[in-house]
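# Analysis of the macromolecular model
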Amino acid sequence: MRPTLRPDAVLVQAVIAGALSFAHLHDLAEAAGQTGWKAWAYPVSVDLLLVAAWHRLRSLRAAGTSARSAWTWFTVALAASLGANIATAGLLDLTDVPDWLRILVAGWPALAFLGGTLLVHSPGHPAVAQLAEPTRDTEEPAAVEAVIERGDMTEPEPEIAAAPALPSPDPESVPEPAPAPEPEPAPVAVPPALVAHARKVADDYRARTGYPIDADTLRSRLGVPPPMAHAIAAQLA
């Protein structure tokens, strides 16, 4: 079923008001010496500046920033539009326009260009923010991850206390004691995130060389102590 088109009273009123204001601006510009296509361009310039200032004003208010500049140019465009409508109501002789009005009409393009440029390129505008935002790399350096993991999660190696000195016995009466077994190194805790990163490094090394990565190469790639490098290599095996 096709939707039924119904006229909108607000839209009709806006079209009528815009057409009347457009005609008044055209008549005033033509009376001030701007003939031909230039007289038709003046209403477009005034209305565009008015709409641009209003749009910029709403954007700044929504962002919670100062809208003083947008208010200024909105007031300038509104004064130009309202002044043209009042001037063409019979209060001004359009056959003998004063010189000051001719100067204002002739200088309007430069003023409108300045206002539009400041509205578009003022700080906080989306176009300016997009140009000023630095590009971000999608990949994080592997060395940074290794340094962070090493600084946060590397545990110190346990220290072995020295045995107290004993009195020297007679070498003939006391048998030579058997050598004490060397203490086993304490296990090194390896964070899961570091193991996952090391696995990526090992896979990349195997893909490039065709051989599994050794503990020394893994230590130099990750920048970790030798015990932790051996512990990681044991988990990757």
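Our subject is the structure that appears above.
In what follows, the accompanying structure is described. Everything numeric here is computed off the predicted structure, so don't read it as measured data.

## Quick notes on the overall build of the chain
Looking only at helices and strands, one finds nine helices and zero strands in the chain. Mapped from its N terminus to its C terminus, the chain presents α and β elements in the order α-α-α-α-α-α-α-α-α. Residues classed as buried in the chain amount to 24% of the 237 residues present. At a minimum sequence separation of 6, the contacts of the chain that also span at least 24 residues come to 64%. Summing over all exposed atoms, the chain offers an accessible surface of approximately 17600 Å²; the carbon and sulfur share of this is 63%.

## Describing the pattern of salt bridges
Applying the stated criterion across every chain yields a total of one salt bridge. With a closest N to O distance of 3.0 Å, R208 and D204 form a salt bridge. One end of the pair is R208 and the other is D204, both in helix α7 (residues 192-209) and four residues apart, which spans about a single turn.

## Points about the packing of aromatic side chains
Each aromatic ring pair is summarised here by two numbers: the centre-to-centre distance and the angle between the ring planes. Under the criterion given, the structure shown has three aromatic pairs. Put simply, the rings of W54, W71 and F74 touch in pairs and so form one group of aromatic residues.

## Quick look at the packing of helix α1 (residues 9-31) against helix α3 (residues 68-91)
Think of two packed helices as two axes; the pair is described by the angle between the axes and how far apart they sit. Two elements in contact, α1 and α3, have axes separated by 8 Å at closest approach and are oriented at 75°. Considering the angle they form, α1 stands roughly perpendicular to α3. Contact residues: L20, S21, H24, L25, D27 and L28 in α1; A80, S81, A84, N85, A87 and T88 in α3. Here the residues of the contact of α1 with α3 are counted per class, giving six nonpolar, five polar and one charged.

## Thoughts on a nonpolar patch on the surface
Judged by side-chain polarity, V12, I16 and L20 come together as a nonpolar surface patch covering roughly 260 Å² of accessible area. Along the chain, the position of I16 falls in helix α1.

Each value, and the rule that gives it
Residues numbered from 1 in each chain as written. Predicted model: local features only at pLDDT ≥ 70, side-chain atom pairs only at ≥ 80, totals over all residues. Heavy atoms only, no water. Helix = DSSP H or I, 4+ residues; strand = E, 2+ residues; numbered from the N terminus. Buried < 20%, exposed > 50% of the residue type's maximum accessible area, 1.4 Å probe, protein only. Contact = heavy atoms within 4.5 Å. Areas by Shrake-Rupley, 256 points an atom, 1.4 Å probe, with all protein chains shown as cover. Salt bridge = Lys/Arg side-chain N within 4 Å of Asp/Glu carboxyl O. Phe/Tyr/Trp six-rings, centres within 6.5 Å; stacked < 30°, edge-to-face > 60°. Axes fitted to C-alpha atoms, helices over the stretch in contact; angles between N-to-C directions. Parallel < 35°, antiparallel > 145°, perpendicular 65-115°, else oblique. Nonpolar A, V, L, I, M, F, W, Y, C, P; charged D, E, K, R; others polar. Patch = residues over 30% accessible without salt bridge, like charges linked within 9 Å, V, L, I, M, F, W, Y side chains within 5 Å.

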